[in-house]
Structure formats: structure tokens, C-alpha cells
Amino acid sequence: VRASVPVLTIALIVGNLSRAWWSRDELDWRVIGAYLAGAAPLAVLGSVLYTATPPEWLSRLMGLVLLSALPLRRWLERGPRRMRLRHFPLLGAVTGLLSALVAATGPVNMPFFLGYGLRRGAYVGTDAVCAAGVHLVKTLVYGRYALLTPETSALGLATGGVMFAGAFLGRLILDRMSDRSFVVALEVLVAGLGVVFLVHPPH
């Protein structure tokens, strides 16, 4: 269990950089800079906490957060408050801390990135660069606390290699999707993940 987040962190660096590469012409660098300004320092704090805190209890919380992302996206898109660039440092701080404890928080970012107006390649690539930045910070901290070993690094790189191939196939599918189909597919996936975290938490 202790090695799971470091392994996933390495895999997600490879996976997110590959997603960013396939969507490199659509990146929103202003969002990336604002997000990482808040995420990087909190990712350091969260990674230090992770070295001494069992993360299992966060599973059901994660499930609730994922399910709440669906109505939150609609509220952000249609409600009186819209996601603005100035909100991304705060979003980065919250998800940077959470990412260090549960490995991946891409679905948590979903309503906010969509609420800002990012779609398809712009959403996928921008979110991927933000996530990769956070995971790089976490990797440095995990290395400091000896959570990264040759074995965990090899497992992470092997998993990341599969994710690279998946990112390429995903981009081919993305080019054939409408904005509406993209949002619907994303929401179905997030809802499914939320139910899994609630019903079958990892032990």
C-alpha cells in the first residue's frame, strides 16, 4: 500500500506528459501557470504528510468528491459564479495536497477546467501539464524519503509506457468527438469512478 502512490506518480508523469504532447497545440499556459503556483507548495506538504499517514480512509471521501463534481460543473457553467483564471491557484492548492495522498485527482479538477471553458484537446492537454507538474514535485519528495526504489520506479515506468500508448489512441478518438460527447463521456467516467471508490475502497 505504501508503495502504490509513488508507483502511480511515476506512471502518471509519463501518462500526463504523453497526453500533453498529443494536445500540445491547444495548451492554455495561463491556466497552467496559475494552477501550479498553488499546487506545487501544497503538493510538497501533502507528500510529507503521506510518508507518515495511511491513505486508506480517503477512499470514500474521494468517491463523494468525484460524484459531487457532476452537479458542481453545471453550477459553475450556468450559475452566478463562473470559474476564472484567478481561482486556479486555490484549486491547485487543494488538489495538490489531495494528489499527494491519493495519487490522482484529475477527475476532481474536471468541473473547474470545464467550467472555465476548456474542451477536448485544450482540456486534456492543459489538465495533463498541470498534473505532470504536481507529480514531478511529489517524486522529488518521495525520493527524499526513500519511497522511490528501483522496483517502484520500474513498475511506474512500465505502467507509464502503457499509458503513453493509451494517450495516443485516446487522441485519435478525441478528434472524432463533439464537445458535447466529450463532456458526457467524461461525466460518465467520473460518476463510475466515484461509485467504485464508495462501494469498493482499496484496503
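Residues numbered from 1 in each chain as written. Predicted model: local features only at pLDDT ≥ 70, side-chain atom pairs only at ≥ 80, totals over all residues. Heavy atoms only, no water.

The helix and strand tally for the protein chain stands at eight helices and zero strands. The 203 residues of the protein chain split such that 46% are buried. Considering only residue pairs separated by 6 or more positions, the protein chain has 89% of its internal contacts joining residues 24 or more positions apart. With an accessible surface of roughly 10100 Å², the protein chain has 70% of that area assigned to carbon and sulfur atoms. (Helix = DSSP H or I, 4+ residues; strand = E, 2+ residues; numbered from the N terminus. Buried < 20%, exposed > 50% of the residue type's maximum accessible area, 1.4 Å probe, protein only. Contact = heavy atoms within 4.5 Å. Areas by Shrake-Rupley, 256 points an atom, 1.4 Å probe, with all protein chains shown as cover.)

Take the nonpolar core next. Membership of the largest hydrophobic core comes to 29 residues, with the highest contact counts inside it found for Tyr35, Phe88, Leu91, Phe113, Leu114, Tyr123 and Phe182. For this core, the element with the most residues is helix α6 (residues 120-144), which contributes eight residues. Non-local contacts of phenylalanine 88, meaning those with residues more than four positions away in its chain, are made with Val31, Ala34, Tyr35, Met83, Phe112, Phe113 and Tyr116. (Core = buried A, V, L, I, M, F, W, Y, C linked by side-chain atoms within 4.5 Å.)

All told, the structure shown has three salt bridges when counted by the stated rule. Between aspartate 127 and arginine 19 there is a salt bridge whose closest N-O contact spans 3.5 Å. Here aspartate 127 is found in helix α6, whereas its partner arginine 19 is found in helix α1 (residues 4-22), with 108 residues between them in sequence. Overall, the relative accessible area of 5% leaves aspartate 127 in the buried class. The closest approach of N and O atoms between aspartate 179 and arginine 120, which form a salt bridge, is 3.1 Å. Here the residue aspartate 179 occupies a position in helix α8 (residues 179-199), and arginine 120 occupies one in helix α6, the gap between them amounting to 59 residues. (Salt bridge = Lys/Arg side-chain N within 4 Å of Asp/Glu carboxyl O.)

A negative phi angle characterises most non-glycine residues, just as the trans form characterises most peptide bonds. For arginine 120, which is not glycine, the phi torsion reads 45 degrees and is therefore positive. The exposure class assigned to arginine 120 is partly exposed, which follows from its relative accessible area of 28%.

The next thing to look at is a nonpolar patch on the surface. On the surface, Phe168, Leu169 and Leu172 cluster together into a nonpolar patch covering about 260 Å² of accessible area. Here leucine 169 shows up in helix α7 (residues 150-174). (Patch = residues over 30% accessible without salt bridge, like charges linked within 9 Å, V, L, I, M, F, W, Y side chains within 5 Å.)

By the definition in use, this model includes six aromatic pairs. Ring plane angle 70 degrees and centroid distance 5.5 Å describe the contact between tyrosine 123 and phenylalanine 182, whose orientation is recorded as edge-to-face. With tyrosine 123 in helix α6 and phenylalanine 182 in helix α8, the pair connects residues that are 59 residues apart, well separated along the chain. Relative accessible area serves as the criterion here: at 6%, phenylalanine 182 is assigned to the buried category. Of the aromatic side chains, those joined through ring pairs into one cluster are Tyr35, Phe88, Phe113, Tyr116, Tyr123 and Phe182. (Phe/Tyr/Trp six-rings, centres within 6.5 Å; stacked < 30°, edge-to-face > 60°.)

What follows concerns the environment of glycine 115. Here glycine 115 is to be found in helix α5 (residues 106-116). In this structure, the C-alpha to C-alpha distance between glycine 115 and arginine 82, residues 33 residues apart in sequence, is 6.6 Å.

Reading fine detail from the predicted coordinates is not recommended where pLDDT is low. Per-residue confidence for the protein chain gives a mean pLDDT of 78, with 74% of residues at or over 70. Mean pLDDT across the elements of the protein chain bottoms out in helix α3 (residues 58-78) (66) and peaks in helix α2 (residues 29-50) (87). (pLDDT = per-residue confidence, 0-100.)

So, about the environment of alanine 154. Here alanine 154 lies in helix α7. The exposure class of alanine 154 is partly exposed, given its relative accessible area of 45%. Here the alpha-carbon distance between alanine 154 and valine 7, two residues 147 residues apart in the chain, equals 8.4 Å.

We now examine the side chain of threonine 126. Mapped onto the secondary structure, threonine 126 falls in helix α6. Setting aside residues up to four positions removed in sequence, threonine 126 forms contacts with Glu26, Leu27, Asp28, Val31, Ile32, Phe113, Leu118 and Gly121.

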